[in-house]
Amino acid sequence: MGYSKFDFGEDFQWGVSTAAYQIEGAHNIHGKGVSIWDKFVQNSSKIKDGSHADVGCNFYEHFEKDLDIIRELHIPNYRFSIAWSRILPNGIGEVNQKGIDFYNRLIDGCLERNITPWVTLYHWDLPQALEDQGGWTNREILNWFEEFTTLCARSFGDRVVNWMILNEPMVFTGAGYFLGYHAPGRKGMSNFLSAMHHATLCQSLGARILRNELEDAKIGTTFSCSHIDPMTNDEKDVAAANRFDALLNRLFIEPALGLGYPLDDLPIAKRVEKYMMPHDESRMHFDFDFIGVQNYTREVVKSNWMIPYMKGQIVNADERNVPLTTMNWEVYPKSIYNVLKKFDAYEGVKELIVTENGVAFPETVVEGRIKDLDRVQFIQQYLHQVLKAQREGVNVTGYFLWTLLDNFEWAEGYTQRFGLIHTDFDTQERIIKDSGHWYKRFLQSAKVRNLVV
Ligand code: BGC
């Protein structure tokens, strides 16, 4: 079957996403403060190739040219995040005007090119000064986050309509405060549960602040979501898969919807009660205008009583004889359909936007060209599933590709290339990959039809 962008509807929002730490560079100039990622990467054993993003894609200096490319590719929407420590070097207190100026230039640069900016407030780069006081594990973060959000609303809200509060709270609390393989590298259940609870509170607090400050704002927040299958139909595997589903897919959205934490299906999270104060249950609730769904793969889970807390484990994709990306993630297009259906089924979810989907595959530059047909096929197949969900009545209204240009992939360093644009990290040269040209053709014309392979 084939489809064109018009099959998704005239008003469907097509876009591309990035995050500040992964692309901006300029880590210590013009008054920027240190973030937890600036510090974390100093310990090179934490990053696969020992790299850091002090310079990254140097988007801070190249952003005008990069916006020109977005324009050239006919991408109408651009999602980026604000580096908290660029505008508030110590997290709170003194404002760095040069940081505000940068985001003003970026927002104005979008608008001048007819590109709609979509702003994520927090994409994982907490100011180190706040981490030194406990970071997400300290309930004071509610006050810190209020100050940051208010500053963003008042500085940029006259031109930015579309906002997302958090990027994937499950990932930054899980990888950053439980497993320790993302910044700030902390571990353990009490760090995780306190960070999780405070992130849940900030998710709705940030949204309430924006709502009060900016009457016409369209307010969402984003979640990492993966369809989960049990390894077998054995009831132990099925029960383990349910626990992982509660942890990975339900833990942050359900409190936002007023349903509270899914404690019945995730008994370990009951210990969160230790961090809960009177009225927190209602504070966690906010009527979001949209929910950002970020999907890459599915997970397969099996029971394992040796594993603490979860009594189960994710079975790595490379042990399952399935098609793989270089992240060692399974290519499984139906996952995006399943998560859209799942989230749409919640009463209270008004609108879904795919705020991230994309892939890293092996690729090489041959005579100045990157022939990434496999990425094009991946996107086509996932989009086909998005369309299928929409045709079945799911209110999915947008799709943002991850990502604009190859960048710093967190603990994977520069080993993973997710971009529509190839970045040469030595010269900062950009080459539009074949997938970028394909996206342009797709967005430009009704006549280009995708053949789903
Ligand atoms: C994150 C991005 C990341 C991407 C690919 C998402 O979890 O929001 O920052 O680069 O996945 O791993």
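Shown above is the structure to which this text applies.
Just so you know, these numbers come straight off a predicted model, no measurement behind them. (Residues numbered from 1 in each chain as written. Predicted model: local features only at pLDDT ≥ 70, side-chain atom pairs only at ≥ 80, totals over all residues. Heavy atoms only, no water.)

Caption draft 1: Inspection of the pattern of salt bridges at higher detail. Applying the stated criterion to the full structure yields 31 salt bridges. Residues Asp 229 and Arg 298 are paired through a salt bridge, measuring 2.7 Å at the closest nitrogen-oxygen approach. Pair noted here: Asp 229 is in strand S7 (residues 227-230) and Arg 298 is in strand S9 (residues 298-303), with a separation of 69 residues, a long-range link. For the pair Asp 229 and Arg 298, one class covers both residues: buried. (Salt bridge = Lys/Arg side-chain N within 4 Å of Asp/Glu carboxyl O. Helix = DSSP H or I, 4+ residues; strand = E, 2+ residues; numbered from the N terminus. Buried < 20%, exposed > 50% of the residue type's maximum accessible area, 1.4 Å probe, protein only.)

Caption draft 2: Structural context of the packing of aromatic side chains. Per the counting criterion, the structure on display carries 45 aromatic pairs. Arranged with centres 5.4 Å apart and planes meeting at 90°, the rings of Phe 63 and Phe 102 form a pair that is edge-to-face. One end of the pair, Phe 63, is in helix H3 (residues 59-72); the other, Phe 102, is in helix H5 (residues 97-112), and 39 residues separate them in sequence. Here Phe 63 and Phe 102 have matching classes, each one buried. Ring geometry for Phe 286 versus Phe 288: centroids 5.0 Å apart, planes at 70°, classification edge-to-face. Taking relative accessible area as the criterion, Phe 286 reaches 10% and is therefore assigned buried. Aromatic ring contacts, followed pair by pair, group Tyr 3, Phe 8, Phe 12, Trp 14, Tyr 399, Trp 438, Tyr 439 and Phe 442 into a single cluster. The positively charged end of Arg 243 is found above the aromatic ring belonging to Trp 305, 5.9 Å away from the centroid. (Phe/Tyr/Trp six-rings, centres within 6.5 Å; stacked < 30°, edge-to-face > 60°. Lys NZ or Arg CZ within 6 Å of the ring centre and 35° of its normal.)

Caption draft 3: Broad picture of the environment of Lys 39. Position of Lys 39 among the secondary structure elements: in helix H2 (residues 36-40). When the C-alpha atoms of Lys 39 and Pro 184 are compared, they prove to be 8.1 Å apart, with 145 residues separating the residues in sequence. Lys 39 has contacts with Val 34 and Gln 128, leaving out every residue within four places of it along the chain. (Contact = heavy atoms within 4.5 Å.)

Caption draft 4: Local environment of the side chain of Ser 303. Checked against the element boundaries, Ser 303 lands in strand S9. Overall, Ser 303 belongs to the buried group, its relative accessible area being 18%. Of note is the side chain of Ser 303, whose polar atom sits 3.5 Å from the side chain of Trp 305. Setting aside anything within four residues of it in sequence, one finds Ser 303 in contact with Lys 236, Asp 237, Ala 240, Lys 311 and Gly 312. (Polar contact = N/O pair within 3.5 Å; in protein donor to acceptor, adjacent residues only side chain to side chain.)

Caption draft 5: A look at the nonpolar core. Among the nonpolar cores identified, the biggest contains 140 residues, and Trp 37, Tyr 78 and Trp 136 are the most heavily contacted of them. Counting residues in hydrophobic clusters, the runner-up holds six residues, among them Tyr 296, Ala 360, Trp 402 and Phe 418. (Core = buried A, V, L, I, M, F, W, Y, C linked by side-chain atoms within 4.5 Å.)

Caption draft 6: Local environment of the packing of H5 against helix H7 (residues 141-156). At a minimum axis distance of 11 Å, the contact between H5 and H7 shows a crossing angle of 50°. Comparing their axes, H7 and H5 come out oblique. Pair H5 / H7 crosses with right-handed handedness. Where H5 abuts H7, its residues Ile 100, Tyr 103, Asn 104 and Ile 107 lie against Leu 151, Ser 155 and Phe 156. (Axes fitted to C-alpha atoms, helices over the stretch in contact; angles between N-to-C directions. Parallel < 35°, antiparallel > 145°, perpendicular 65-115°, else oblique. Left-handed = near helix turned anticlockwise from the far one by under 90°.)

Caption draft 7: Main features of the sheet that holds strand S11 (residues 352-356). Taking strand neighbours around the barrel as the criterion, the eight strands line up as S2-S3-S4-S5-S6-S8-S11-S12 in a closed arrangement whose pairing is parallel. Here the average twist between neighbouring strands, direction ignored, is 25°. Both S11 and strand S12 (residues 396-402) contribute to a ladder of three bridges, which runs parallel. Of the residues in S12, the one forming a bridge with Leu 352 is Val 396. On the sheet, helix H13 (residues 334-344) packs against strand S6 (218-224), strand S8 (290-294), S11 and S12 and is oriented at approximately 140° with respect to S11. (Pairing = 2+ DSSP bridges.)

Caption draft 8: Here's a closer look at H5. Helix length check: H5, at 16 residues, gives a terminal C-alpha distance of 22 Å against a target of 22 Å (1.5 Å per residue), a fit within 8%. Within the sequence span of H5, burial applies to Gly 99, Ile 100, Phe 102, Tyr 103, Asn 104, Leu 106, Ile 107, Gly 109 and Cys 110. (Expected span 1.5 Å × (residues − 1).)

Caption draft 9: Examining empty space enclosed by the protein more closely. Under the defined criterion, the tally for this structure stands at one cavity of 30 Å³ or more. Its boundaries defined by the atoms lining it, the largest cavity holds a volume of some 70 Å³. Taken together, Ala 20, Tyr 21, Glu 24, Gly 25, His 27, Lys 32, Asp 38, Ala 53, Ala 83, Arg 86 and Asp 125 make up the full set of residues lining the largest cavity. In terms of residue class, the lining of the largest cavity is made up of four nonpolar, two polar and five charged. (1 Å grid on protein atoms, 1.4 Å probe; cavity = no way out; pocket = protein on both sides within 12 Å on 5 of 7 lines; lining within 4 Å. Points joined across faces, edges and corners; volume = space filled by probe spheres on them. Nonpolar A, V, L, I, M, F, W, Y, C, P; charged D, E, K, R; others polar.)

Scope: geometric values only; no functional claims are made or implied.
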